[in-house]
Each structure stands twice: as structure tokens, then as C-alpha cells.
Amino acid sequence: MGPTLAAVSDYPWNEATATGVGSHPGEDHLEAMRVVFGELPALPYLPELPERGVGADMVGRGASMLVELPVEVQPSGWRVADRPGRDARRARDHLIRDLDGMEEAAQGYVGPLKVQVCGPWTLAASVELRYGDKILADQGAVRDLSESLAEGVAAHVADVRTRVPGVTTVIVQLDEPGLPGVLAGTVPSASGFARLPAVEPEIAVQRLATVLAAAGDFPIVHCCAPRVPLGVLRRAGARGVSLDAALLRRRDEDEIGEAVEAGTALFLGVVPGTDTRLLDVGVVAKPARELWRRLGFPSSTLASQVVLTPACGLAGASPRYARAALAKCRESAVVLREDPGE
């Protein structure tokens with residue numbers, strides 16, 4: 001396999017960069033913001049705090065960004081409605097409060113900034129239609145959801161740019177943990193007694209592309225599930241993919257190599273998302289170094305094209321561990337530059 005075609009300047013971050021995935025423990029959004037900007041000064045992000053309740057979770061936040069597609073919470077979960085419900089308004093309030101906190105924490109900040117949004121396929125597999133099954137069961141409704149979400153994401157990016165004038169690139173991360181199940185036909189129906197039909201890869205590409213096109217200059221997709229459909233993500237326009245290194249298998253490496261050679265950035269999860277003993281930085285960086293070596297890429301490109309992250313969100317961790325995990329990612333990213341291996 002030849003050297004990567006991308007140059008260092010193609011990426012909106014500096015070499016030896018780390019970031020987080022999205023969620024944080026606790027309910028204090030200002031403290032979470034201080035932790036993120038303190039531990040990840042090269043690529044901070046807007047943390048999500050699902051412990052605050054309905055509307056603060058990934059699906060609730062994504063649903064609150066939909067434009068002219070109101071939602072509410074029923075006993076079965078989020079559902080399309082005639083007008084926004086109380087929980088949808090609460091989700092929007094959480095987002096505005098978080099953006100206010102980010103604006104305060106980012107005073108004087110200059111550089112890239114990452115925000116996370118629930119992707120269209122995971123949202124379609126989680127939200128129900130007004131009177132029936134999940135949105136995923138109706139491909140016309142999925143199209144409408146994708147277009148609505150794209151409009152909401154574009155407005156969100158514009159808002160972030162206004163609030164943080166020093167931001168050089170808003171990196172939008174679409175969270176798509178449900179996408180492998182959507183493609184495999186394993187998503188249960190609303191009743192739970194059946195499985196919804198598998199979605200054709202090209203349809204998946206089209207709907208993802210609608211949202212990614214609205215997400216700015218450097219959109220990425222996060223999927224902390226086995227068998228991430230890298231081909232679908234690349235064809236849809238993802239400039240980077242966020243993966244759990246522990247779930248990668250040798251059979252995935254050809255597809256990963258093709259993505260890397262095309263210039264796709266890897267956000268590689270190398271630190272567990274829940275409390276455990278954190279290992280030495282050399283051990284933490286080892287999966288990235290060894291993957292690069294096996295793929296045959298020059299070690300000089302490793303620290304620019306790979307960003308280290310926790311394996312997934314940190315909502316299930318203790319606040320102390322969450323801070324330590326982010327710090328460990330930051331420290332381990334330096335290894336990719338100082339001792340990339342051959």
C-alpha cells in the first residue's frame with residue numbers, strides 16, 4: 001500500500017492532537033466545559049450530559065435540531081408530533097445553555113472546535129412516526145428527516161461560529177451507532193415483534209450525504225460498533241471516521257487502508273469509556289502505531305492523520321476518570337509524533 005495522498009495541511013488540527021467523543025458524566029455543564037477546554041486545548045468539543053434527563057441525551061438533542069418536524073416524548077420514546085412537546089423544548093433549552101457555557105469557556109480561543117449531532121439513520125431508528133412504526137420504516141419519512149436535520153445542523157454550525165469567532169473549523173461529528181444495524185436489517189420495529197428491512201447502501205449514502213453536506217468543511221462520523229461501514233461513510237462525504245480501536249479486526253484493515261490512502265482522518269478510540277486503570281502512554285498509543293505499521297503508511301503521517309479519543313462517550317464514567325481519560329488521550333497523542341515507530 002502506498003503512502004497517504006493527504007498532506008498535513010489537509011487537516012484542521014495540528015499534529016499530535018486528541019479530542020473526546022461527546023458525552024460526559026454529571027449534570028454541571030459549565031464544569032464539563034472547563035474540563036474539555038482544559039484537557040484538550042488543541043481540539044475541544046461541546047460535551048453532552050445525558051444524566052440531566054430526557055432531552056439531554058443524544059437522540060433528544062438531535063431531535064431538538066429538526067426544523068419544521070416537531071417531536072414529543074411518549075411512553076415508548078420520541079415521536080413525531082403536531083407541535084413540539086415539553087421535552088423537546090427542554091432539549092432545546094439544554095442545548096442553548098450548553099452553547100452559552102461554551103461561549104464563556106471559549107473566550108479568546110482560536111482553533112478548530114468539534115460538535116456532535118445524532119446522525120439521520122440512528123435518529124430514524126429511534127424516533128417513531130405519529131401513528132405507527134419508527135421513521136426508519138418509511139423511506140419518505142427518512143428523507144424528510146434527513147433534510148430537516150441538515151437544515152438544523154447548518155443553523156447549529158452558524159450559531160457556533162457566531163458564538164466563538166476564533167474558531168477556524170467547526171468539525172461536525174454525526175453519531176451513527178445504529179447504522180450497522182440499519183444496513184443489516186436488525187433494527188426492531190416499534191412493537192418489538194419484527195425487524196425492519198435492511199436499507200440499501202446507496203440509500204444510506206444519499207441520506208447521510210444530505211446531512212454531511214450541511215455540516216461544514218470537515219464532517220466526520222462516529223460509530224462505536226463492530227463492522228463500521230467505511231465505504232458508505234466515505235461515499236457520503238465523511239472526511240473522517242471515529243472508531244473504537246478495540247473493535248477493529250484484521251479483516252477490516254483493507255477497507256481502513258483504502259480510507260487512509262484517500263486522506264480520510266481516523267479518530268481512534270484508545271482509552272476505555274468507563275472507569276479502569278489507565279495504562280502508560282506508550283501502551284495507549286500502541287494500537288494506532290501498530291495499525292499504521294501493518295497498513296504500510298509512513299510514520300511521518302501518523303500524528304497528523306490520526307486523532308486519539310476515548311473509545312466512546314464518557315457518560316458512564318466518574319467525573320474524575322473522565323478528566324483523566326481525556327488527559328491520557330492528550331498525552332498519548334504526543335507519542336504519535338515523538339515516537340511513531342517504523
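Because the structure is a prediction, the values reported are computed rather than measured.

> Please explain the environment of V232 as it appears in this structure.
Mapped onto the elements of the fold, V232 is located in helix 8 (residues 230–236). Measuring from C-alpha to C-alpha, the distance between V232 and P44 comes to 27 Å, with 188 residues separating the pair along the chain.

> In this structure, what is going on with the packing of helix 10 (residues 281–295) against helix 12 (residues 319–338)? I would like to understand it.
For any two helices packed against each other, the geometry is given by the interaxial angle and the distance between the axes. Helix 12 packs onto helix 10 with a crossing angle of 60 degrees between their chain directions and a minimal axis gap of 8 Å. Comparing their axes, helix 12 and helix 10 come out oblique. Handedness of the helix 10/helix 12 crossing: right-handed. Note on element contacts: helix 12 touches helix 10 through K328, E331, S332, V335 and L336, opposite V281, V284, A285, A288 and R289. Here the residues of the contact of helix 10 with helix 12 sort into 6 nonpolar, 1 polar and 3 charged.

> Is there a simple way to explain the pattern of salt bridges in this structure?
Pairing between side chains becomes possible if they bear opposite charge and their charged atoms approach one another. Scanning the model with the defined rule gives 20 salt bridges in all. In this structure, the salt-bridge partner of R330 is E39, at a minimum N-O distance of 2.7 Å. In this pair, R330 is assigned in helix 12 and E39 in helix 1 (residues 29–39), connecting sequence segments 291 residues apart. Here R330 falls in the partly exposed class, since its relative accessible area comes to 29%. Residues R294 and E253 are paired through a salt bridge, measuring 2.7 Å at the closest nitrogen-oxygen approach. Highlighted residues: R294 in helix 10 and E253 in helix 9 (residues 253–261), separated in sequence by 41 residues.

> Whenever I open this one, the pairing of strand 4 (residues 167–175) confuses me. Can you help?
Residues in a regular strand project their side chains so that they alternate between the two faces of the sheet. With 8 of 9 residues buried, strand 4 lies mostly within the body of the structure. Here strand 3 (residues 111–118) pairs with strand 4 via 7 bridges, running parallel. Following the sheet pairing, V115 is matched in strand 4 by V172. Judged from the 3 bridges that link them, strand 4 and strand 5 (residues 220–222) form a sheet pairing that is parallel. Looking at the pairing, D175 lines up with H222 of strand 5.

Calculation criteria
- Residues numbered from 1 in each chain as written.
- Predicted model: local features only at pLDDT ≥ 70, side-chain atom pairs only at ≥ 80, totals over all residues.
- Heavy atoms only, no water.
- Helix = DSSP H or I, 4+ residues; strand = E, 2+ residues; numbered from the N terminus.
- Axes fitted to C-alpha atoms, helices over the stretch in contact; angles between N-to-C directions.
- Parallel < 35°, antiparallel > 145°, perpendicular 65-115°, else oblique.
- Left-handed = near helix turned anticlockwise from the far one by under 90°.
- Contact = heavy atoms within 4.5 Å.
- Nonpolar A, V, L, I, M, F, W, Y, C, P; charged D, E, K, R; others polar.
- Salt bridge = Lys/Arg side-chain N within 4 Å of Asp/Glu carboxyl O.
- Buried < 20%, exposed > 50% of the residue type's maximum accessible area, 1.4 Å probe, protein only.
- Pairing = 2+ DSSP bridges.

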